[in-house]
Amino acid sequence: DTGVSQDPRHKITKRGQNVTFRCDPISEHNRLYWYRQTLGQGPEFLTYFQNEAQLEKSRLLSDRFSAERPKGSFSTLEIQRTEQGDSAMYLCASSNYVSGELFFGEGSRLTVL
Amino acid sequence: GQQLNQSPQSMFIQEGEDVSMNCTSSSIFNTWLWYKQDPGEGPVLLIALYKAGELTSNGRLTAQFGITRKDSFLNISASIPSDVGIYFCAGPFNNDMRFGAGTRLTVKP
């Protein structure tokens, strides 16, 4: 399977814990995006990378959210000191140019108790 | 931020019926994308439109890029139960892809 893969698919954590999600994009894609989706809403943009450079991060929801893409391949999204309001689906997508088509992974669903 | 407005919010139709939904924006877009999302899964790209006035089909799906570049339409002909899901329009804005809130489609057998 050469699509976008995300891990874990589901994560249940207690409030205050840190969580990390991983995304492996389609190999020939140089752009990688993170989105958050809550029930009844469309995906909400968080941040994106072109290769290893994080070109937009002002839309990250707070300073508890951070993302990395150290070698321009896989990426991680970390949420520190989780809050119940962080419960959502976290989606990763990749593309090979800015106005092009985003291909999404299956998402990582976070539940904060 | 830039909003994409989708209508209707939800639709309940009978199997075999045709479906039409649209997406509008106050700003011009150079690309319109339509995605379908099943419960618990990521969105899957259905159709991409790159030129004003463009009409593109993918099986029973047809989408059009509005002449004003501020809207797009998606039609589904002869709906079947597996068409159930949420349909999102999307377009690039600044450095990200913006999404509408979706149209939820229910197909009754």
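For the structure itself, look to the data block above.
Our subject in this report is the structure included herewith. (Residues numbered from 1 in each chain as written. Chains lettered and ligands numbered in written order. Predicted model: local features only at pLDDT ≥ 70, side-chain atom pairs only at ≥ 80, totals over all residues. Heavy atoms only, no water.)

## Side note on the pattern of salt bridges
A full pass over the atoms with the stated rule returns 9 salt bridges over all chains. Measuring nitrogen to oxygen at the nearest pair gives 3.8 Å for the salt bridge that ties Arg9 of chain A to Glu41 of chain B. Here Arg9 of chain A is found in the loop between strand S1 (5-7) and strand S2 (10-13), whereas its partner Glu41 of chain B is found in the loop between strand S4 (32-37) and strand S5 (44-49) on a different chain. The structure contains a network of salt bridges with shared partners spanning Arg9 and Glu106 of chain A together with Glu41 of chain B. (Salt bridge = Lys/Arg side-chain N within 4 Å of Asp/Glu carboxyl O. Helix = DSSP H or I, 4+ residues; strand = E, 2+ residues; numbered from the N terminus.)

## Here we look at unusual backbone geometry
Note that the residue after Asp7 of chain A, namely Pro8 of chain A, is joined by a cis bond; omega there is -5°. Summarising the element assignment, Pro8 of chain A is placed in the loop between S1 and S2. The omega angle of the peptide bond from Ser7 of chain B to Pro8 of chain B is -5°, so this bond is cis rather than trans. Assignment of secondary structure puts Pro8 of chain B in the loop between strand S1 (4-7) and strand S2 (10-14). Its identity is not glycine, yet Asn51 of chain A carries a phi of approximately 55°, on the positive side.

## So, the environment of Glu28 of chain A
Residues and elements named next belong to chain A. With respect to the helices and strands, the residue Glu28 is situated in the loop between strand S3 (19-24) and strand S4 (31-37). For Glu28, a relative accessible area of 59% corresponds to the exposed category. Spatially, the C-alpha atom of Glu28 lies 9.9 Å from that of Thr2, the residues being 26 residues apart in sequence. Of the polar contacts made by the side chain of Glu28, one reaches the side chain of Ser27; its length is 3.0 Å. (Buried < 20%, exposed > 50% of the residue type's maximum accessible area, 1.4 Å probe, protein only. Polar contact = N/O pair within 3.5 Å; in protein donor to acceptor, adjacent residues only side chain to side chain.)

## Considerations on the sheet that holds strand S6 (residues 55-58) of chain B
Residue and element names in this part refer to chain B. Pairing in this open sheet of 5 strands is antiparallel, and the strands run S1-S3-S8-S7-S6 from one edge to the other. Both edges of this open sheet fall to S1 and S6, since each of them pairs with a single strand only. Sheet twist, expressed as the mean angle between neighbouring strand axes with direction ignored, is 15°. Two strands pair when backbone bridges link them, and S1 and strand S3 (residues 19-25) are joined in this way by 4 bridges, in the antiparallel orientation. Paired with Ser7 across the strands is Asn22, a residue of S3. (Pairing = 2+ DSSP bridges. Axes fitted to C-alpha atoms, helices over the stretch in contact; angles between N-to-C directions.)

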